[in-house]
Amino acid sequence: MQDPCQAREVLGIVGDKWALLIVRMLKDGPLRFTELKRAIDGISQRMLTVTLRDLERDGILTRTVRNVMPPHVSYELTTMGRTLREATAPLLEWSITHLPHIDAARAAYDHR
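Predicted model, so just to flag it, every value in this text is computed and none were measured.

Trainee: What am I meant to see in the pattern of salt bridges here?
Mentor: Opposite charge on two side chains permits them to pair, given that their charged atoms come into close proximity. One pass over the full model with this rule turns up two salt bridges. A salt bridge links Lys27 to Asp28, with the shortest nitrogen-to-oxygen separation between them at 3.2 Å. Note on Lys27: relative accessible area 42%, which makes it partly exposed.

Printed below as a string of structure tokens:
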């Protein structure tokens, strides 16, 4: 039987805002690094690189290199990555829906 505390490894992925945004961006198929960088506002090149490597290591996505000039590298969700996308989609949708309310609550709090 698995130790329930080991779930923190998975929660580290689910709790990482950049990882979830990358998974969301890859929902419609493979994207290149530059496409991901443009699509995810605020992510640095280094953070995107680190997060993509972590997701590849965890089996969430695959990295494919095509030997052309210049090299063509694309990222795509694995089967497990697609199940993560399905599991986290409601959380992301909730975030988008409630963002105006969160912004208002923060402003009210900061105004006190």
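Trainee: Mind showing me how you'd approach the pairing of strand E3 (residues 72-77) here?
Mentor: On a regular strand, each side chain points to the face opposite its neighbour's, so the side chains alternate between the two faces of the sheet. Relative to E3, strand E1 (residues 31-32) runs antiparallel, the two sharing two bridges. Looking at the pairing, Arg32 lines up with Ser74 of E3. As defined by bridge partners, strand E2 (residues 61-66) adjoins E3 across six bridges and the pair is classed as antiparallel. Within E3, the position partnered with Arg63 by the bridge is Tyr75. Hairpin connection, E2 to E3: the antiparallel pair is bridged by five residues.

Trainee: Looking at this structure, how should I read helix H4 (residues 45-57)?
Mentor: Structural remark: α-helix, 3.6 residues per turn; residues separated by three or four positions point the same way. Given a rise of 1.5 Å per residue, 13 residues ought to cover 18 Å, and the 18 Å separating the end C-alpha atoms of H4 matches this to within 8%. Contacts made by the buried residues of H4 are with helix H1 (7-14), helix H2 (17-25), helix H3 (33-39), E2 and E3. Backbone geometry just downstream of H4 places Gly59 in the positive-phi region, at approximately 80°.

Trainee: Hey, could you run me through the side chain of Ser74 in this one?
Mentor: With respect to the helices and strands, the residue Ser74 is situated in strand E3. Discounting residues that sit within four places of it in the chain, Ser74 has contacts with Pro30, Leu31, Arg32, Thr62, Arg63, Thr64 and Arg66.

Trainee: Help me understand the confidence of the model for the chain in this model?
Mentor: Predicted coordinates in areas of low pLDDT are best not read in detail. Here the chain shows a mean pLDDT of 91. Residues at 70 or above account for 96%. Averaged pLDDT values over the elements of the chain bottom out at 76 in H1 and peak at 96 in E1.

Trainee: Can you help me understand the UniProt feature "domain: HTH hxlR-type" (unreviewed entry) in the chain in this one?
Mentor: Mapped onto this numbering, the UniProt entry gives "domain: HTH hxlR-type" (unreviewed entry) at residues 5-103. Helix makes up 63% of residues 5-103 and strand makes up 14%, while its end C-alpha atoms are separated by 33 Å.

Trainee: Any chance you could explain the packing of H2 against H4 here in plain terms?
Mentor: Each packed pair of helices is defined by two parameters, the angle between the axes and the distance between the axes. Taken N-terminus to C-terminus, the directions of H2 and H4 make an angle of 75°; their axes are 10 Å apart at the nearest point. By the angle between their axes, H2 is roughly perpendicular relative to H4. Touching Trp18, Ala19 and Ile22 of H2 are Met47, Leu48, Thr51, Leu52 and Leu55, all from H4.

Trainee: Explanation requested: the environment of Gly12 in the structure shown.
Mentor: Counting through the fold element by element, Gly12 comes out in helix H1. By relative accessible area, Gly12 is classed as partly exposed at 46%. Each C-alpha atom, one on Gly12 and one on Arg112, is 33 Å from the other, the two residues being 100 residues apart in sequence.

Cut-offs used in this document
Residues numbered from 1 in each chain as written. Predicted model: local features only at pLDDT ≥ 70, side-chain atom pairs only at ≥ 80, totals over all residues. Heavy atoms only, no water. Salt bridge = Lys/Arg side-chain N within 4 Å of Asp/Glu carboxyl O. Buried < 20%, exposed > 50% of the residue type's maximum accessible area, 1.4 Å probe, protein only. Pairing = 2+ DSSP bridges. Helix = DSSP H or I, 4+ residues; strand = E, 2+ residues; numbered from the N terminus. Expected span 1.5 Å × (residues − 1). Contact = heavy atoms within 4.5 Å. pLDDT = per-residue confidence, 0-100. UniProt positions renumbered as here; feature names shortened; annotations may be inferred. Axes fitted to C-alpha atoms, helices over the stretch in contact; angles between N-to-C directions. Parallel < 35°, antiparallel > 145°, perpendicular 65-115°, else oblique.

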